[in-house]
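# Fold and contact review
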Amino acid sequence: MKMNRTVFYIGLILFFPAILFAQEKQQKFSLQQCLQEAVKHFPTQKQFQLNQSKYALEENNIKKNYLPQLNLNGQASYQSDVTKVPIPPIPGFDMPVISKDWYKINFDLDQLIWDGGLTKRQKQVQTADYKISDQQVKIKTFTLKKQVNILYFNILFLQANLDALHVLVNDLDARIKEAETAQRNGSLLQADVDALKVNQKLAEQQIIEKAGDQNGLIAFMNQLTHLKITSAKELITPKVSITSYTFVNNRPEYQLFNLQKSKLTALEKMTTVKRMPVFKLFGQAGYGRPGYDFLNDKFDTYYMAGVRLHWNIFDWNRTKHEKQILNIQSEIIQTEQETFNQSLRAELDKQLAGIQKFEKLIKTDKEILQLQKNVVEATGNKLKNGTITATSYLIELNKEVKAQLTMQAHKLQLLFAKYQYLTAIGNL
């Protein structure tokens, strides 16, 4: 009976690759697919279209600066006195008297001829605002992609831990059976057997805990991507290659700083043209009493047309101060950009150190695995010769499987470290 169970465990480990091959027929999901689906279903993505619609409306309004402005104005008033002609009465001639109640209704027309380039600068500021709004959406999208990236690898990490824990449980199971035999023969105490069983139960508890955590992460991933991932086995381990570790900064946050500085430049130019003279055509047509002829006390029509100039010759240094404010804001953005750059360099150094660490660990993992394979081969020969038990061979075989899983876990950590590096520089 004991021999049958041992053969079962050996067979389970030997056929482990065949089980994995069968699982490959399951639906597979790649990291890139998860990222694409998460972005596709990200509600904030709708803001691109909203920003474009807003920009089109604002641009259309700015263009209307050159369209004629037509206003209707009306007024009715009563005044205490009116203009009188200071001459003595003339026989046979009645001096006209102006009424004290006045009425007028006017159509006023203004047509911009030249505004010193103000409309052009307003378009530039509005375009800068539009680009900034889109860039802010890109930052939110980048944050989402980082979240999906971390979720994906954490699910894979937990699976690697679960695989190692299952090997540990099987290893302890073999050791418990061997200990129970020794206890029945009187060479071990029951307390020694119970200690092994406690360790096995603790490992099983960790499996329950990590499996629960993994299910929670998978549910979170499904919520973000609208996919139907049921198991970590359905996730494809991604591949990545970094050809150069030269410092670059493609982060959307960094690009936002440049856009903000471009807006300040546009605002400074607009501040300058505010001081330029403005020429307009104007016209007025109306009906009222009195008209332009104050001596005519009857309702009459009237009109006027001409050119109007407006030039703010002296603004008490307001324009100068506005430029100084914009320059200070530009310097503030520059310091924030430099701080971001400094933090990024520190983060990249940390990520690079992690990459180098896992590369060294994988190198030693390969050596450990090769040595353990030698041990398994030697133990297998002893098993054939009958000098050791099948349980002893199973223990060494479990060590080989565990060494293989450890190396795979380190490879996964190396892969994640590289993805973190690419994420840090904005190449996600």
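Just above, that's the structure.
A short tour of the structure in this document, coming up. This structure is a prediction, so every number in the text was calculated from the model and none was measured.

### Here we look at the packing of aromatic side chains
On inspection of all chains with the given rule, the structure shows 14 aromatic pairs. Ring plane angle 45° and centroid distance 6.4 Å describe the contact between F153 and F157, whose orientation is recorded as tilted. Residue F153 and its partner F157 are located together in helix α5 (residues 118–184), separated by 4 residues, close to a single helical turn. This pair shows no difference in class: F153 is buried, exactly as F157 is. Among the aromatic residues, those joined into a cluster by ring pairs are Y152, F153, F157, F416 and Y419. The aromatic ring of F282 is capped on one face by R308, whose charged end is 4.2 Å from the ring centroid. Over the face of the ring belonging to F247 we find R345, whose NZ or CZ atom lies 3.8 Å from the ring centre.

### Examining the nonpolar core
The biggest cluster of nonpolar side chains holds 25 residues, and the ones touching the most others in it are C34, V148, Y152, F153, M221, I229 and L235. Looking at this core, the elements with two or more residues in it are α3 (31–40), α5, α6 (190–225) and α9 (390–424). Among the elements that take part in this core, α5 stands out by supplying 8 residues, more than any other. If you look at the next biggest cluster of nonpolar residues, it comprises 12 residues, including L348, A417, A424 and I425.

### As for a nonpolar patch on the surface
Residues I113, W114, M276, F279, L281, V307, L309, W311, I313, F314 and W316 make up a contiguous nonpolar surface patch of about 1,200 Å² in total accessible area. For the nonpolar patch, the secondary structure elements donating two or more residues are β2 (101–114), β3 (278–289) and β4 (300–310). Its place among the elements puts I313 in the loop between β4 and α8 (318–385).

### Some words on the packing of α3 against α6
It is at 7 Å that the axes of α3 and α6 come closest, and there the two elements cross at 55°. Looking at the two axes, α3 sits oblique to α6. Along its contact with α3, which presents C34, E37 and A38, the element α6 presents M221, L224 and T225.

### Topic: the pairing of strand β1 (residues 69–78)
Counting buried positions over the 10 residues of β1 gives 0, only a small fraction of the element. Across 10 bridges, the pairing between β1 and β2 is antiparallel. Its bridge partner being in β2, N73 is matched across the sheet by N106.

### A word on unusual backbone geometry
For the bond from R289 to P290, the omega torsion is -5°, close enough to zero to count as cis. Structurally, P290 can be placed in the loop between β3 and β4. Although it is not a glycine, H226 adopts a positive phi angle of roughly 65°. Checked against the element boundaries, H226 lands in the loop between α6 and α7 (252–273). With a phi angle near 60°, W316 is a residue other than glycine that sits in the positive phi range. Checked against the element boundaries, W316 lands in the loop between β4 and α8. Judged by its relative accessible area of 71%, W316 falls in the exposed class.

### Let's talk about α3
Within the sequence span of α3, burial applies to L31, C34, L35, E37, A38 and V39. Buried residues belonging to α3 abut α5, α6 and α9.

### Quick word on the side chain of Q420
Relative to the assigned elements, Q420 resides in helix α9. For Q420, a relative accessible area of 18% gives the class buried. In contact with Q420, other than residues within four places in its own chain, are N149, I150 and Q351.

About the thresholds
Residues numbered from 1 in each chain as written. Predicted model: local features only at pLDDT ≥ 70, side-chain atom pairs only at ≥ 80, totals over all residues. Heavy atoms only, no water. Phe/Tyr/Trp six-rings, centres within 6.5 Å; stacked < 30°, edge-to-face > 60°. Helix = DSSP H or I, 4+ residues; strand = E, 2+ residues; numbered from the N terminus. Buried < 20%, exposed > 50% of the residue type's maximum accessible area, 1.4 Å probe, protein only. Lys NZ or Arg CZ within 6 Å of the ring centre and 35° of its normal. Core = buried A, V, L, I, M, F, W, Y, C linked by side-chain atoms within 4.5 Å. Patch = residues over 30% accessible without salt bridge, like charges linked within 9 Å, V, L, I, M, F, W, Y side chains within 5 Å. Areas by Shrake-Rupley, 256 points an atom, 1.4 Å probe, with all protein chains shown as cover. Salt bridge = Lys/Arg side-chain N within 4 Å of Asp/Glu carboxyl O. Axes fitted to C-alpha atoms, helices over the stretch in contact; angles between N-to-C directions. Parallel < 35°, antiparallel > 145°, perpendicular 65-115°, else oblique. Contact = heavy atoms within 4.5 Å. Pairing = 2+ DSSP bridges.

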